Amino acid sequence: MLRKTKVLCSLATLCVSANAAAAEEAEVAKRPQTVQDVIVRSGVLTPKGQVALDASLSFTQNSSNKVSVVGYTVLPALLVGRIEVSDSDRTTITASLSMRYGLSDDTEIEVRWPYVYRSDQISTRPIEDGAESETINKSLSGGGMGDIEFAIRHQLNFDTTPYWIASLTAKSAYGKSPYEIDVNPDDNTYTDVPTGSGFWSVEPAISMLYPTDPAVLFASFSYIYNFEDSLVVNGSRVDIDLGDTISLGAGIGFALNPDLSLSMGLGHKTILDSKINGAKPDDSKLLHLDTLNFGINYAFSPETSLSINAQAGLTEDSPDFQLTIRVPVNI
């Protein structure tokens, strides 16, 4: 009789523990994703039937310095001609709203609407002419809707680690294309600022998450394929094949407590050569973009969190600096 009583007590304890674990799992499922959530629960996508809104604001600063020499060399140290130094600065602010919906516990869909504001300024200083100050040749600013994106993601496994997530993103050509804007023949600059790429593209990707308490290791690989299009450039119709992009990324996230986490990582993009009418232009080149990323995420309620990410460019072609603020909200 005593043994039977002990068995019943043990079963009751197991039931209570199971109910408590299920309640904790359900509570975690309601909250926005943090590093701690990946450690606690195996599902990392939007749960089935739930809707998540994601508002973000991104600030990007790009600059380029060039030295142009027009002339010829008489001696190794003597140049006859003109030397001109130019400085280009571009500031881009992107405000976007994303909506995610969980089709099931392992699959979610997303749509993203971006609004892009751009400000470009080009300054030149002809050194040979003895100019005392910079001469601003062109200053452009404007904004509009960017390229709308659609995505679907699927978590491939739950019971074993690392977790693998496959995704497919389609980007439209909704924004203002650079090829729709007139070019000033005097200085070969745009008369307005573009807000989109002008091309449809698809991006298959695979991501890995490996939780190892109190950290999460992550890595990703993607390939952006741009669809070739026939456009009118300078009064002539040409076939343009924008260079595809190969992306790699890896990093680590730390859970300082159940609500606060930090992350850092490296990103690399290789942009392949573009083609016009099936041939590579003389000025076409392979671009390498390397970045260093730092992020912080704080969940200040069961439904809402704040994420701040800073990105610094490591190569000449990379953006100098990018700051992104995101506020995901689970409904």
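Analysis parameters
- Residues numbered from 1 in each chain as written.
- Predicted model: local features only at pLDDT ≥ 70, side-chain atom pairs only at ≥ 80, totals over all residues.
- Heavy atoms only, no water.
- Phe/Tyr/Trp six-rings, centres within 6.5 Å; stacked < 30°, edge-to-face > 60°.
- Helix = DSSP H or I, 4+ residues; strand = E, 2+ residues; numbered from the N terminus.
- Buried < 20%, exposed > 50% of the residue type's maximum accessible area, 1.4 Å probe, protein only.
- pLDDT = per-residue confidence, 0-100.
- Contact = heavy atoms within 4.5 Å.
- Salt bridge = Lys/Arg side-chain N within 4 Å of Asp/Glu carboxyl O.
- Pairing = 2+ DSSP bridges.

Per an unreviewed UniProt entry, the chain goes by Transporter and derives from Vibrio nereis.

With that out of the way, let us pick up the packing of aromatic side chains. This structure, assessed with the given rule, holds two aromatic pairs. Each ring, one from Tyr179 and one from Phe199, has its centre 5.9 Å from the other, and the planes form 85°; the classification is edge-to-face. Taken as a pair, Tyr179 in the loop between strand E6 (163-171) and strand E7 (183-184) and Phe199 in the loop between strand E8 (189-190) and strand E9 (201-212) lie far apart in primary sequence, 20 residues in all. Among the residues examined, Tyr179 registers a relative accessible area of 32% and is labelled partly exposed. Between Tyr225 and Phe227, the ring centres sit 5.2 Å apart and the planes meet at 85°, which makes this aromatic pair edge-to-face.

Let us now look at the confidence of the model for the chain. Reading fine detail from the predicted coordinates is not recommended where pLDDT is low. Confidence along the chain averages 80 in pLDDT terms, with 75% of residues attaining 70 or more. Scored below 50 in pLDDT, residues 1-28 shows six contacts in the model against residues more than four places distant or in partner chains. Counted against residues more than four places away or in other chains, residues 70-82, with its pLDDT under 50, gives 19 contacts.

Before going further, it helps to examine the pattern of salt bridges. In this structure the tally under the stated criterion is ten salt bridges. Here Asp54 ties to Arg326 by a salt bridge, and the two come within 2.4 Å at their closest N and O atoms. Residue Asp54 is found in strand E1 (residues 51-75), and its partner Arg326 is found in strand E18 (residues 321-330); the two are separated by 272 residues along the sequence. Judged by its relative accessible area of 29%, Arg326 falls in the partly exposed class. With a closest N to O distance of 2.5 Å, Glu110 and Arg153 form a salt bridge. Taken together, the residues span a long stretch of sequence, with Glu110 in strand E3 (residues 107-126) and Arg153 in strand E5 (residues 149-155) at a distance of 43 residues. Overall, the relative accessible area of 15% leaves Glu110 in the buried class. Residues participating in the shared-partner salt-bridge network are Asp54, Arg100 and Arg326.

Our next topic: the pairing of strand E10 (residues 215-226). Pairing analysis gives ten bridges linking E9 to E10, with the strands arranged antiparallel. The residue bridging Ala205 from the neighbouring strand is Ser222, located in E10. The hairpin formed by E9 and E10 contains two residues between the paired strands. Here E10 runs beside strand E13 (residues 245-255); their pairing, made up of ten bridges, is antiparallel. Residue Ser222 lies in a different strand from E13, and its bridge partner there is Ser247.

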